[in-house]
Amino acid sequence: MKLREWMWSYFFIGPNLLFLFVFLVFPLFYTFYLSFFEADIYSSTFVGFDNFSSLFGEELFLKAFVNTFYFVLIIVPCVIVISLVIAAFMQGFHKVSKSFFRLMFYLPVVSTPVVLSLVWAWMYNPSFGIIKYFSEVLGFGSVDVFSGQLSAILALSGIVVTWMVGQPIILYLSGMDGVPKDLYEAAEIDGAGALRTFFSITLPMISHTTLLIVITSTISVFQIFVVIHLITGGGPFHGTESLVYTIYRTAFVSLEFGKASAQSVILFFIILIISLLQFRLMKTKLD
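The structure presented is a predicted model; accordingly, all values stated were derived computationally and were not measured. (Residues numbered from 1 in each chain as written. Predicted model: local features only at pLDDT ≥ 70, side-chain atom pairs only at ≥ 80, totals over all residues. Heavy atoms only, no water.)

Some words on the overall build of the protein chain
Heads up, the condition is: Comment: elements are numbered from the N terminus, with helices defined as DSSP H or I runs of at least four residues and strands as E runs of at least two. Throughout this description, buried means an accessible area under 20% of the type-specific maximum (1.4 Å probe, protein chains only), exposed means over 50%, and partly exposed covers the range between. Contacts are assigned to residue pairs with any non-hydrogen atoms lying within 4.5 Å of each other. Here the accessible surface of atoms and residues is derived via Shrake-Rupley with a 1.4 Å probe, and residues count as covered only by protein chains that are part of the display. Neither His nor the chain ends contribute to the count of charged residues, in which Lys and Arg are positive and Asp and Glu negative. Just so you know, the charge point we use is NZ for Lys, CZ for Arg, CG for Asp and CD for Glu.
Helix and strand content of the protein chain: 14 helices and two strands. Each principal axis of the C-alpha atoms in the protein chain carries an extent, and together these give about 75 × 75 × 35 Å. Across the 287 residues of the protein chain, 37% fall into the buried class. Within the protein chain, contacts between residues at least 6 apart in sequence are counted, and of these 68% link residues at least 24 apart. Entry remark: accessible area of the protein chain is about 17500 Å², with carbon and sulfur atoms responsible for 71%. For the protein chain, the distance from the average position of its 14 positive side-chain charges to the average position of its 16 negative side-chain charges is 9 Å.

Quick word on the packing of aromatic side chains
Counted only if it meets this: Each pair of aromatic rings taken from Phe, Tyr and Trp, with Trp reduced to its six-membered ring, is defined by centres within 6.5 Å and is described as stacked if the planes are under 30 degrees apart, edge-to-face if over 60, and tilted in the remaining cases.
This model, assessed by the stated rule, comprises 25 aromatic pairs. For the pair tyrosine 30 and tyrosine 33, a centre-to-centre distance of 5.8 Å together with 35° between the ring planes defines the contact as tilted. In this pair, tyrosine 30 and tyrosine 33 are both assigned in helix α1 (residues 2-34), three residues apart and thus about one turn of the helix distant. Overall, the relative accessible area of 38% leaves tyrosine 30 in the partly exposed class. Take tyrosine 33: its relative accessible area is 47%, and that puts it in the partly exposed class. Ring geometry for phenylalanine 225 and tyrosine 245: centres 5.8 Å apart, planes at 35°, overall tilted. In this pair, phenylalanine 225 is assigned in the loop between α11 (207-222) and α12 (226-232) and tyrosine 245 in helix α13 (residues 243-252), connecting sequence segments 20 residues apart. Phenylalanine 225 gets classed as partly exposed once you look at its relative accessible area, which sits at 21%.

Here we look at the layout of surface pockets
Our working rule: As defined here, a cavity is a set of points on a 1 Å grid over the protein atoms alone where a 1.4 Å probe fits but cannot get out. A pocket is an open set with protein on both sides within 12 Å along at least five of seven lines, and residues line them when an atom is within 4 Å of a point. Grid points are joined across faces, edges and corners, and a volume is the space filled by probe spheres set on the points. In this classification, the charged set is Asp, Glu, Lys and Arg, the nonpolar set is Ala, Val, Leu, Ile, Met, Phe, Trp, Tyr, Cys and Pro, and all remaining amino acids, among them Gly, are polar.
Quantified by volume, the largest pocket comes out at close to 620 Å³. Elements with a minimum of two residues in the lining of the largest pocket: α1, α13 and α14 (257-286). By residue number, the principal contributor to the lining of the largest pocket is α14, which donates eight residues. Per-class residue counts for the lining of the largest pocket are 17 nonpolar, four polar and no charged.

Things to note about the nonpolar core
What counts here: To form a nonpolar core, buried Ala, Val, Leu, Ile, Met, Phe, Trp, Tyr and Cys residues must be joined to one another through side-chain atoms within 4.5 Å.
Formed by 58 residues in total, the largest nonpolar core has its most connected members in Phe71, Ile75, Phe146, Leu156 and Val227. Here the element with the most residues in this core is helix α3 (residues 59-90); it accounts for 12 residues.

And the structure:
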């Protein structure tokens, strides 16, 4: 009987395991393997660590590396702060109103980034975009935020924040609902104000939720690609090019698959190290 149950279990999870192996496990190990080769469509030559050593002397790769960290340092704190503030305000809403706004904020999460990027590209269009229209109405004149590197990074970061805050808001609302009501009643009896209650009770009690959001948001931003590809194409002057976009250009434009694999391996270890550091730091604070 146990053998039959075991066989049926693997029969049902077999397709998912096959999908996981074909599209995740095998590509991961093959990327590590290919990173040691100088490979294109037709041939491959073993070069050892040459792909890795050459990358750290390549100006474009280092620029993409720095740009990616800019995106992380701008987007992740904004997502944390904005979602936390919105969730805190929504805690006082009626149940129906809270459900409605929860749905509204979560819609961008389930929408495809391609559609959202195209909508924002239309809004930012310097010729007929709605942002250009309101800028002229308010007397600021025509504004092209993607003409400068700093303004382009800030604009792209703002776009990504708008569709990333939905899930953290839901998570924060769930975390706040799990805070014992006795703590709030005790704080009210002691005369603590709303801000003191929030920073002394609510924030420490949802620190696990914050840890989850910081890690998942960091990993997501390190993989930023679609909004760059569709709106700026890495410009101006590679000022918004991220690591993933560089990997894409190296592999599918330059057809340097070995070099692109090396870039992917470096990105993998960057995300791994930062995630482990975040876990360690947050665990120390929680202990």
